Every structure is written in structure tokens, then in C-alpha cells.
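As a plain string of letters, each chain reads:
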Amino acid sequence: MALEKTLVLLKPCTVERGLIGEIISIFEKKGLRIAGLKMMQLTDAILSEHYSHLSDKPFFQRVKDSMMTSPVVALALEGVDAIEVVRTLAGPTNGRKAAPGTIRGSYCMSFQANIVHASDGPETAAAELKRFFKDEEIFDYKLPTMLSLYANDEF
């Protein structure tokens, strides 16, 4: 199996509630490698591109406005099946319906202010990583714990 990269955005609600370190530690403790990390203030232009699939919805502008209330933290995470692992850790979009123990089940009560954005597939992850990171902002380094995280034929 190959290692996979995915994008996670720690949303403004996470930044405003002082949960950045706590949420990042969940991904690290699981064994995902941080390949990129930065704080940034999102603009209407980047959000219009990022949420273009919602452009015909009545809540489109509200979603964009909520994502500009404070900076976000962008993470490029890597691991075997990283996209699925991150989405499982995050839980369903609606925090009220998310199981206890998931990020959303533990940290939110909202459908929109739901702590993280996580890429939903390989094509989306590739496009989103390019949207939020320059090539030189993604790093490749070895985690000394790889052989403790996976069997030697898993990566």
C-alpha cells in the first residue's frame, strides 16, 4: 500500500476555541505524519473555489463568511489510507449526530462550525492540497515510528 496525503483545515471555530493543539494531537497520536502545516486567513476568492460545489445553495455565502471569521490552520497529513482515516476520526459533518470519541462528536454541536474540513477522496485531496499549499510547503521526511505504526508490508 502506498502512503496517501490529504488536506485538513482546522476551521475558525477551532482556532477561536483554542483547540488547535488538541485536534492536531489526535491526528499525530493516530500515527498520521504532518507533511505540511500553516495558519492562513482565507479570502472570498479561495473559498469560492473551495466551496464551488455549493455555489447554488442558499447558504453558500454564509459558509464562506464563517470561514473568514478568523484564520484557519491548514494541515497536509500522510499515512496509509490517510483520507479514510482522517474522515473516520472526524466523524459525520453534523456534530450533533457524530459519535462520541470522534473529533466532531467530542468537540462540536454544529453542522457548520464542525471543527475540521477533511478531503473526501483522492482527487479532491490532490486538488485541495494544491489549493492550500505550494509544492515547497509539503515536506517528505521519515517518522522513526513507521515500523511501529504499520506492518512492514503495509507501506
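The paragraphs below set out a description of the structure included in this document. Please read all numbers here as calculations on a predicted model, not as lab measurements. (Residues numbered from 1 in each chain as written. Predicted model: local features only at pLDDT ≥ 70, side-chain atom pairs only at ≥ 80, totals over all residues. Heavy atoms only, no water.)

Observations regarding the overall build of the protein chain
Condition: Every helix listed is a DSSP run of H or I at least four residues long, and every strand listed is a run of E at least two residues long, numbered separately from the N terminus. For a compact globule the rule gives 2.2 Å times the number of residues to the power 0.38, and the radius of gyration it is set against comes from C-alpha atoms. Three exposure classes are used, based on accessible area relative to the maximum for each residue type with a 1.4 Å probe and protein chains only: buried under 20%, partly exposed in between, and exposed over 50%. We call two residues in contact whenever any of their non-hydrogen atoms come within 4.5 Å of each other. Throughout, the Shrake-Rupley method with a 1.4 Å probe supplies accessible areas, and for residues the shown protein chains are the sole cover considered. In this tally, Asp and Glu contribute negative charge and Lys and Arg positive charge; neither His nor the terminal groups of the chain are included. We put the charge of a Lys on NZ, of an Arg on CZ, of an Asp on CG and of a Glu on CD.
Summing up its helical and strand segments, the protein chain has eight helices and four strands in all. Along the protein chain, helices (α) and strands (β) appear in the sequence β-α-α-β-α-α-β-α-α-β-α-α when read from the amino end. Taken over the C-alpha trace, the protein chain has a radius of gyration of 15 Å; the compact-globule value for 155 residues is 15 Å, and the two agree within 12%. By principal-axis analysis of the C-alpha atoms, the protein chain measures approximately 50 × 35 × 25 Å. A burial count over the protein chain gives 46% of its 155 residues as buried. Excluding contacts between residues fewer than 6 apart, the proportion of contacts in the protein chain whose partners are at least 24 apart in sequence is 76%. Per element, the accessible surface of the protein chain, about 8,300 Å² overall, is 55% carbon and sulfur. Of note, the protein chain has its 18 positive side-chain charges centred 6 Å away from the centre of its 20 negative side-chain charges.

Details of unusual backbone geometry
Its identity as a non-glycine residue notwithstanding, D81 has a phi of 55°, on the positive side. Relative to the elements of secondary structure, D81 occurs in the loop between β3 (72–80) and α5 (82–90). When its relative accessible area of 37% is taken as the criterion, D81 is described as partly exposed.

Digging into the pairing of β3
Using the following cut-off: At least two bridges found by DSSP between two strands are what make those strands a pair.
Of all nine residues making up β3, nine are buried, and the element is well covered by its neighbours. Pairing between strand β1 (residues 3–10) and β3: eight bridges, direction antiparallel. Bridging across to β3, L9 finds its partner in A74. Note: strand β2 (residues 33–40) against β3, seven bridges, orientation antiparallel. Residue pairing across strands places M39 opposite V73, the latter belonging to β3.

With respect to the packing of aromatic side chains
Where we set the bar: Two rings belonging to Phe, Tyr or Trp (six-membered ring only in the last case) form a pair when the distance between their centres is within 6.5 Å. Interplanar angles under 30 degrees mark stacking, angles over 60 mark edge-to-face geometry, and anything in between is tilted. Our definition puts a charge over a ring when NZ of Lys or CZ of Arg is within 6 Å of the ring centre and also within 35 degrees of the ring normal.
In total, this model carries one aromatic pair according to the counting rule given. Here Y150 and F155 contribute two aromatic rings whose centre-to-centre distance is 5.7 Å and whose plane-to-plane angle is 50°, an arrangement assigned as tilted. In this structure, R33 is placed above the aromatic ring of Y141, and the distance from its NZ or CZ to the ring centre is 4.5 Å.

Description of the environment of F111
Examined against the element boundaries, F111 turns out to sit in the loop between α6 (103–107) and β4 (116–118). Separated by 28 residues in the primary sequence, F111 and I83 have C-alpha atoms spaced 20 Å apart. Residues within four places of F111 in sequence aside, it is in contact with T93, N94 and R96.

Here's the deal with α5
Note the threshold: The reported arc concerns the directions from the helix axis to the C-beta atoms and nothing else.
For α5, the set of buried residues is A82, I83, V86, L89 and A90. What you see down the axis of α5 is that its buried residues fit within an arc of 135°, all on one side. Within α5, the exposed residues directed more than 90 degrees away from the buried face are E84 and T88. At its buried positions, α5 is contacted by β1, α2 (20–30), β3, α6, β4 and α7 (122–132).

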